[in-house]
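Single-letter residue listing:
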Amino acid sequence: MPATGAAILACNHLSVLDPLLLIASNRRIISFLVAQEYYDQAWLRPLLDLTACIPVRRDRRDLRALLQARRLLRAGHVLGIFPAGGIDREGMQKGLAWLVQETSAPVVPARILGARQYSSDLRTWLWRQHPVLRYGIPLHFHPNADAAEILGATRSAIATLA
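Residues numbered from 1 in each chain as written. Predicted model: local features only at pLDDT ≥ 70, side-chain atom pairs only at ≥ 80, totals over all residues. Heavy atoms only, no water.

Novice: Just checking my understanding: could you explain the nonpolar core for this structure?
Specialist: Burial of nonpolar side chains together is a common tendency in soluble globular proteins. By size, the foremost hydrophobic cluster in this structure holds 25 residues, and its most contacted members are Ile 8, Leu 79 and Val 107. Among the secondary structure elements, those contributing two or more residues to this core are β1 (7–11), β3 (54–56), α4 (63–74), β4 (78–81), α5 (89–103) and α7 (147–159). Other than its neighbours up to four places away in sequence, Val 107 contacts Ile 8, Ala 10, Leu 96, Val 100, Ile 137, Pro 138, Leu 139, Phe 141 and Thr 154. Ranked by size, the runner-up nonpolar core spans 17 residues in total, among them Leu 9, Leu 48, Val 78 and Ala 110. (Core = buried A, V, L, I, M, F, W, Y, C linked by side-chain atoms within 4.5 Å. Buried < 20%, exposed > 50% of the residue type's maximum accessible area, 1.4 Å probe, protein only. Helix = DSSP H or I, 4+ residues; strand = E, 2+ residues; numbered from the N terminus. Contact = heavy atoms within 4.5 Å.)

In structure tokens, the structure reads:
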């Protein structure tokens, strides 16, 4: 992870534990794109607000969330995103490419292995797991890079972190 400046942390998504693994392994604050239904939980919202997480509506394209993410990156912060996660996979991937094109932020690939999502979030939290987290080198894209190039390189970089 770059010590300063904007960065997009792109990681695979296996369970509700994933954001905490990424937060615990970094010195920088990571703001995540978070499904609106998690953001609406009264006990969780104050924690998400502490790290400037951005709620995303799953039921439609959420332009407001993308614009907020762009502002965050332009201010030099780190945005965590799960491109293949539970929120509209295709929309998240297009959003990742758009954010790179708009901000020139490097993409830091990461991969989590060994974590598991159980039938409930509570069970996932309580069940003992032994996940492994791997980081790749930051990917810097040419200002004219197209979405396919950005997404292909990001997917490939995450996949090679096995």
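From this point, things continue past the structure.
Novice: Help me understand the packing of aromatic side chains, please; the structure alone is not making it clear to me.
Specialist: Two measures describe an aromatic ring pair: the distance that separates the ring centres and the angle between the ring planes. Evaluation of the coordinates by the stated rule reveals 1 aromatic pair. With a centroid separation of 5.8 Å and an interplanar angle of 5°, the aromatic rings of Phe 32 and Phe 82 are classed as stacked. Of this pair, Phe 32 sits in strand β2 (residues 30–35) while Phe 82 sits in the loop between β4 and α5; the two residues are 50 residues apart in sequence, bridging distant segments of the chain. (Phe/Tyr/Trp six-rings, centres within 6.5 Å; stacked < 30°, edge-to-face > 60°.)

Novice: Even after reading the chapter, I still don't get α4, so can you show me in this structure?
Specialist: Residues spaced three or four apart along an α-helix point in a common direction, a consequence of the helix completing one turn every 3.6 residues. For α4, built from 12 residues, the straight-helix expectation of 16 Å at 1.5 Å per residue is met to within 8% by its first-to-last C-alpha distance of 16 Å. Of all the positions in α4, only Ala 65, Ala 69, Leu 72 and Leu 73 are classed as buried. Axial view of α4: buried residues confined to an arc of 95°, hence all on one face. Relative to its buried face, α4 has exposed residues pointing more than 90 degrees away, namely Leu 63, Arg 71 and Arg 74. Gly 76 occupies a position one or two residues after α4 and carries a positive phi of about 90°. (Expected span 1.5 Å × (residues − 1). Arc of directions from axis to C-beta.)

Novice: Where do I start with the pattern of salt bridges in this structure?
Specialist: Opposite charge on two side chains makes pairing possible when the charged atoms of those side chains draw close. Under the definition given, this model contains 4 salt bridges. A salt bridge links Arg 45 to Asp 49; its shortest N-O distance comes to 3.9 Å. Of the two residues, Arg 45 and Asp 49 both sit in helix α3 (residues 45–50), 4 residues apart, roughly one turn of that helix. The class of Arg 45 is partly exposed, set by a relative accessible area of 36%. In this structure, the salt-bridge partner of Arg 64 is Asp 62, at a minimum N-O distance of 3.2 Å. Under the relative-accessibility criterion, Arg 64 is labelled partly exposed at 40%. (Salt bridge = Lys/Arg side-chain N within 4 Å of Asp/Glu carboxyl O.)

Novice: I tried to follow the environment of Cys 11 on my own but got confused; where do I start?
Specialist: Inspection of the secondary structure assignment puts Cys 11 in strand β1. A relative accessible area of 1% places Cys 11 in the buried class. The spatial distance from the C-alpha of Cys 11 to the C-alpha of Gly 80 is 7.8 Å, given a sequence separation of 69 residues.

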